[in-house]
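These are the residues of each chain, in order.
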Amino acid sequence: MTNLVFWNRGSGKSEQVERLRKLLPLSTTTWVQMTRELNLQETIQTQLDCRCDIVFAAGGDGTVNAVVNALMKIDADRRPCLAVIPLGTANDFAGTLAISDAVEQAVALSCNRQPVPIDVVRITGHGFERYYANVAAGGNCVRVSEELTDEIKSRWGAFSYLRGAVGVLADMKSFRVNAEMDGQKIADFDSWAVLVANGRTNAGRIEVAPEASLVDGLLDVVLIKDGDVMDMVEIVAGNLLGNFLECEQVIYRQARRLKLFSDPPMRFTLDGEVVDEEPVEFECIPGAIRMFVGPEFEQA
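For clarity, every value in this text was computed on a predicted model and none was experimentally measured.

Rules behind the numbers
Residues numbered from 1 in each chain as written. Predicted model: local features only at pLDDT ≥ 70, side-chain atom pairs only at ≥ 80, totals over all residues. Heavy atoms only, no water. Buried < 20%, exposed > 50% of the residue type's maximum accessible area, 1.4 Å probe, protein only. Helix = DSSP H or I, 4+ residues; strand = E, 2+ residues; numbered from the N terminus. Pairing = 2+ DSSP bridges. pLDDT = per-residue confidence, 0-100. Contact = heavy atoms within 4.5 Å. Axes fitted to C-alpha atoms, helices over the stretch in contact; angles between N-to-C directions. Parallel < 35°, antiparallel > 145°, perpendicular 65-115°, else oblique. Left-handed = near helix turned anticlockwise from the far one by under 90°. Disulfide = S-S within 2.5 Å. Salt bridge = Lys/Arg side-chain N within 4 Å of Asp/Glu carboxyl O. Arc of directions from axis to C-beta. Polar contact = N/O pair within 3.5 Å; in protein donor to acceptor, adjacent residues only side chain to side chain. Phe/Tyr/Trp six-rings, centres within 6.5 Å; stacked < 30°, edge-to-face > 60°. Lys NZ or Arg CZ within 6 Å of the ring centre and 35° of its normal. 1 Å grid on protein atoms, 1.4 Å probe; cavity = no way out; pocket = protein on both sides within 12 Å on 5 of 7 lines; lining within 4 Å. Points joined across faces, edges and corners; volume = space filled by probe spheres on them. Lys, Arg positive; Asp, Glu negative; His and termini not counted.

Below, the discussion takes up the pairing of strand S14 (residues 257–263). Successive side chains on a regular strand alternate, one facing one side of the sheet and the next facing the other. Only one face of S14 is buried, namely the one carrying Leu258, Leu260 and Ser262, since none of Arg257, Lys259, Phe261 and Asp263 on the opposite face is buried. For S14 and strand S17 (residues 279–291), the ladder comprises three bridges, and the chain directions are antiparallel. Pairing of Lys259 across the sheet is with Glu281, part of S17.

Moving on, we get to the confidence of the model for the protein chain. Across the protein chain, the average pLDDT comes to 84, with 82% of residues at 70 or higher. In this model, residues 152–166 is a region of pLDDT below 50 whose contacts with residues beyond four sequence positions or in other chains number 24 contacts.

Looking now at the packing of helix H2 (residues 40–48) against helix H3 (residues 61–71). Two numbers describe how H2 lies on H3: the axes approach to 8 Å, and their chain directions differ by 60 degrees. In terms of orientation, H2 and H3 fall into the oblique class. Pair H2 / H3 crosses with right-handed handedness. Counting all contacts with H2, which are made through Leu40, Gln41 and Ile44, the residues of H3 involved are Ala66, Val67, Ala70 and Leu71.

This next bit is on the state of the cysteines. Under the defined criterion, the tally for this structure stands at zero disulfides. Not part of a disulfide, Cys81 finds its nearest cysteine sulfur in Cys52, a span of 9.4 Å.

A few words now on the pattern of salt bridges. Scanning the model with the defined rule gives eight salt bridges in all. Arg122 is the partner of Glu283 in a salt bridge, and the nearest nitrogen-oxygen pair spans 2.8 Å. One end of the pair, Glu283, is in strand S17; the other, Arg122, is in strand S5 (residues 116–125), with 161 residues separating them in the sequence. For Arg122, a relative accessible area of 25% gives the class partly exposed.

With that settled, the discussion passes to helix H5 (residues 103–112). Taken residue by residue, H5 has Val103, Ala106, Val107, Leu109 and Ser110 as its buried positions. Seen from one end, H5 has its buried residues packed into an arc of 140 degrees, which puts them on one side. Exposed side chains of H5 directed beyond 90 degrees from the buried face belong to Gln105, Cys111 and Asn112. At its buried positions, H5 is contacted by helix H1 (17–23), strand S3 (52–59) and strand S4 (81–86).

Buried residues of H2: Leu40, Thr43, Ile44, Gln47 and Leu48, and no others. All buried residues of H2 lie within an arc of 140 degrees about the axis, which places them on one face of the element. Buried positions along H2 lie against strand S1 (2–7), strand S2 (29–33), S3 and H3. Measuring from the side-chain oxygen of the N-cap residue of H2 to the backbone nitrogen of Gln41 gives 3.3 Å; that N-cap residue is Asn39.

Our next topic: the packing of aromatic side chains. Counted by the stated rule, this structure contains one aromatic pair. The ring of Trp31 carries Arg21 above its face, with NZ or CZ at 4.4 Å from the centroid.

Turning to the layout of surface pockets, a few remarks are in order. Each pocket or cavity is described by its volume, and for the second largest pocket that value is around 210 Å³. Along the wall of the second largest pocket there are 14 residues; nearest its centre are Gly95, Thr96, Ala98, Arg200 and Glu298. Tallying contributions element by element places helix H4 (residues 92–96) first for the lining of the second largest pocket, with three residues.

Moving on, we come to the pairing of S17. Examined bridge by bridge, S5 and S17 share nine bridges and lie antiparallel to one another. Each bridged residue has a counterpart across the sheet, and for Arg122 the counterpart in S17 is Glu283.

Mapped onto the elements of the fold, Gly272 is located in the loop between strand S15 (268–270) and strand S16 (273–275). Here Gly272 falls in the partly exposed class, since its relative accessible area comes to 45%. In the structure, Gly272 is positioned 136 residues away from Ala136 in sequence and 8.2 Å away in space, judged by C-alpha atoms.

With that settled, the discussion passes to the side chain of Asp220. Mapped onto the elements, Asp220 comes out in strand S12 (residues 219–225). For Asp220, which is buried and forms no salt bridge, the nearest opposite charge comes from Arg200, at a distance of 7.9 Å. Reaching out from Asp220, the side chain makes a polar contact with the side chain of Tyr252 at a distance of 2.6 Å. Every residue in contact with Asp220, bar those within four places of it in the chain, is listed here: Leu195, Val196, Ala197, Ala209, Glu211, Ala212, Tyr252, Arg253 and Gln254.

Next up, the structure:
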């Protein structure tokens, strides 16, 4: 059996890659640096012929997102396991998987524990199909992501997302949203943001879906109403105090499938990656990829 490691030089903790190299057997591990030109699916398919059974995503949430999309294009009966090595700025998805930030402990999971079938979300729109494992954040959340520079990420670390929000809070845009969740409709809803979560945290370990589970076959949908500055203060305070979903400005639902239309069209970030296409349908794919999880991972 062989290992395939995708690593990202642009990740926040990429200097730890050399430590990772010392922990994996040289003779049975193939190392591939992430680039824009790289065809991840093709690379994985080639390694499957060499009996590759574990793919490592060594980077942040964006790296995991790219690898998940490649794995979902592989036939399910041939799809290798995924081991996440958190080397990014926030590592939100790794946190939900209860994977330690320590490289040695993260690698040990692939040796000492059995992989768990983890849900993945498929999104479709006009002429496109994508997947993600953690959180899709739409509306003003996209503007926050676009505020982030490499300098802000380097200086603020996991708090960089809060820093990026400062310039957006003073000029929040409203979206007229129509949604359908497992047949239940919400019409003409004026929204600041929509979160479609598989994992619990986003944007630097901010808990946006505290009741989410990676193994329940459900999406956690959070619709945030528009309002005034005091409404935003209530939402932020509620998040910090752990009762975010109880705020009057928040509508929370769980569903297997979500259809969403907005005016103006709502752009989304998928685990930190901005996509210009407008998602129309979100669907949870239960147990899509077997992943290694930490000992504190909640499977119930």
